[in-house]
Amino acid sequence: MDASRPRPCPTGDRHWRDGARFAAGCALLFCGMTLLIDWDGHTLTAPRAMLWLVMTAVLFTILLPERVTAGPGWLAVRGLVRRQAVRTDQLVTVRQYGDLAAHLTLCDADGRHLELDPRILVENPLLWHELDTGVRRSRASGTLREGIDVLEQLRLQIDDAEARAVLRSSGII
């Protein structure tokens, strides 16, 4: 890539900050309440305070959502511990597991894979656009062998969600 040309900014989950704020708020509320109750009961000691702080950190870790970003030809999911990324223009399989708590698994030609909640794609049309562009390239090159039906169902869901959002913003519904 030419150093003088600016690189396009990656597209990210527009609701991630809200999720991170929620996780931090819940963790801080938990910490404050447990310390206050222990202090009021005159049972707060240094080991107990440390226990509450560790439990607060665990709660924050559990509630913090994974961060999903995409760019031309790639999609990445980053949590606190690991980062998964695939080349969307070299996808081999796309699978969806579960109905109520569904998750997508994408595998590329290099053997890398990632898992993500399909609701993130429904709620973020720009992320979906990046994935869809890569999927079209995968289909054109013949690497995508499994999962076209899953992507078609997801596309219909996203189209329905966008149509409802347009109707809602125009005051029709």
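Refer to the structure presented above.
It should be emphasised that the depicted structure is a prediction, and the values quoted were computed from it without experimental measurement.

K.L.:
Is there a simple way to think about the layout of surface pockets in this case?
P.N.:
Considered as a void within the structure, the largest pocket measures approximately 170 Å³ in volume. Those elements giving two or more residues to the lining of the largest pocket turn out to be helix H3 (118-123) and helix H5 (148-169). Considering every element that reaches the lining of the largest pocket, the biggest residue donor is H5, with four residues. Here the lining of the largest pocket is built from residues that sort into seven nonpolar, three polar and three charged.

K.L.:
I'm lost on the nonpolar core in this one. Help?
P.N.:
A general trend in soluble globular proteins is that nonpolar side chains are found buried together. Residues Leu106, Leu116 and Leu121 are the most contacted members of the largest nonpolar core, which totals 22 residues. The set of elements that each furnish at least two residues to this core consists of strand S2 (67-71), strand S3 (74-78), strand S5 (91-97), strand S6 (103-108), strand S7 (113-116), H3, helix H4 (125-141) and H5. Setting aside anything within four residues of it in sequence, one finds Leu106 in contact with Val86, Leu91, Thr93, Val94, Arg112, His113, Leu114, Leu116 and Leu131.

K.L.:
Sorry, what's going on with the packing of aromatic side chains here?
P.N.:
Any aromatic ring pair is given by two values, namely how distant the centres are and how the planes are angled relative to each other. All chains considered together, the criterion is met by one aromatic pair. Ring centres of Phe30 and Trp52 lie 6.2 Å apart, and the angle between their planes is 75 degrees; on these two criteria the pair is classed as edge-to-face. Taken as a pair, Phe30 in helix H1 (residues 16-40) and Trp52 in helix H2 (residues 46-63) lie far apart in primary sequence, 22 residues in all. With relative accessibility at 27%, the residue Phe30 sits in the partly exposed group. By relative accessible area, which is 17% here, Trp52 ends up buried. The ring of Trp16 is capped by Arg67, whose NZ or CZ atom sits 4.2 Å from the centre of that ring.

K.L.:
Quick question: what am I supposed to make of the sheet that holds S2 here?
P.N.:
Neighbouring strands of a sheet are bound in pairs by backbone hydrogen bonds; such pairs are parallel or else antiparallel. Taken in spatial order, the four strands line up as S1-S2-S3-S4 in an open sheet, and their pairing is antiparallel. The two strands at the open ends of the sheet, each matched to only one other strand, are strand S1 (11-12) and strand S4 (83-87). Relative to the sheet, H4 contacts S1, S2 and S3, its axis offset from that of S2 by approximately 50 degrees.

K.L.:
How should I be thinking about the packing of H1 against H2 in this particular structure?
P.N.:
Axis angle and axis distance: for two packed helices, these are the angle between their axes and the distance between the axes, and together they describe the pair. Where H1 contacts H2, the axes come no closer than 9 Å and their chain directions differ by 160 degrees. With respect to their mutual orientation, H1 and H2 come out roughly antiparallel. Handedness of the crossing formed by H1 with H2: right-handed. Every residue of H2 that contacts H1 at Ala20, Ala23, Ala24, Cys26, Ala27, Phe30, Cys31, Thr34, Leu35 and Asp38 is listed here: Arg48, Ala49, Trp52, Leu53, Met55, Thr56, Leu59, Phe60 and Leu63. Residue composition of the contact of H1 with H2, grouped by class: 15 nonpolar, two polar and two charged.

K.L.:
Hey, could you run me through a nonpolar patch on the surface in this one?
P.N.:
Together, Phe22, Met50, Leu53, Val54, Val58, Ile62 and Leu63 make up an exposed nonpolar region whose accessible area comes to about 670 Å². Top element by residues in the nonpolar patch is H2. It accounts for six residues. Following the sequence through the fold, Leu63 ends up in helix H2. Residue Leu63 is classed as partly exposed on the basis of its relative accessible area of 31%.

Conventions and cut-offs
Residues numbered from 1 in each chain as written. Predicted model: local features only at pLDDT ≥ 70, side-chain atom pairs only at ≥ 80, totals over all residues. Heavy atoms only, no water. 1 Å grid on protein atoms, 1.4 Å probe; cavity = no way out; pocket = protein on both sides within 12 Å on 5 of 7 lines; lining within 4 Å. Points joined across faces, edges and corners; volume = space filled by probe spheres on them. Helix = DSSP H or I, 4+ residues; strand = E, 2+ residues; numbered from the N terminus. Nonpolar A, V, L, I, M, F, W, Y, C, P; charged D, E, K, R; others polar. Core = buried A, V, L, I, M, F, W, Y, C linked by side-chain atoms within 4.5 Å. Buried < 20%, exposed > 50% of the residue type's maximum accessible area, 1.4 Å probe, protein only. Contact = heavy atoms within 4.5 Å. Phe/Tyr/Trp six-rings, centres within 6.5 Å; stacked < 30°, edge-to-face > 60°. Lys NZ or Arg CZ within 6 Å of the ring centre and 35° of its normal. Pairing = 2+ DSSP bridges. Axes fitted to C-alpha atoms, helices over the stretch in contact; angles between N-to-C directions. Parallel < 35°, antiparallel > 145°, perpendicular 65-115°, else oblique. Left-handed = near helix turned anticlockwise from the far one by under 90°. Patch = residues over 30% accessible without salt bridge, like charges linked within 9 Å, V, L, I, M, F, W, Y side chains within 5 Å. Areas by Shrake-Rupley, 256 points an atom, 1.4 Å probe, with all protein chains shown as cover. Salt bridge = Lys/Arg side-chain N within 4 Å of Asp/Glu carboxyl O.

Purely spatial values, then, with no claim about function.
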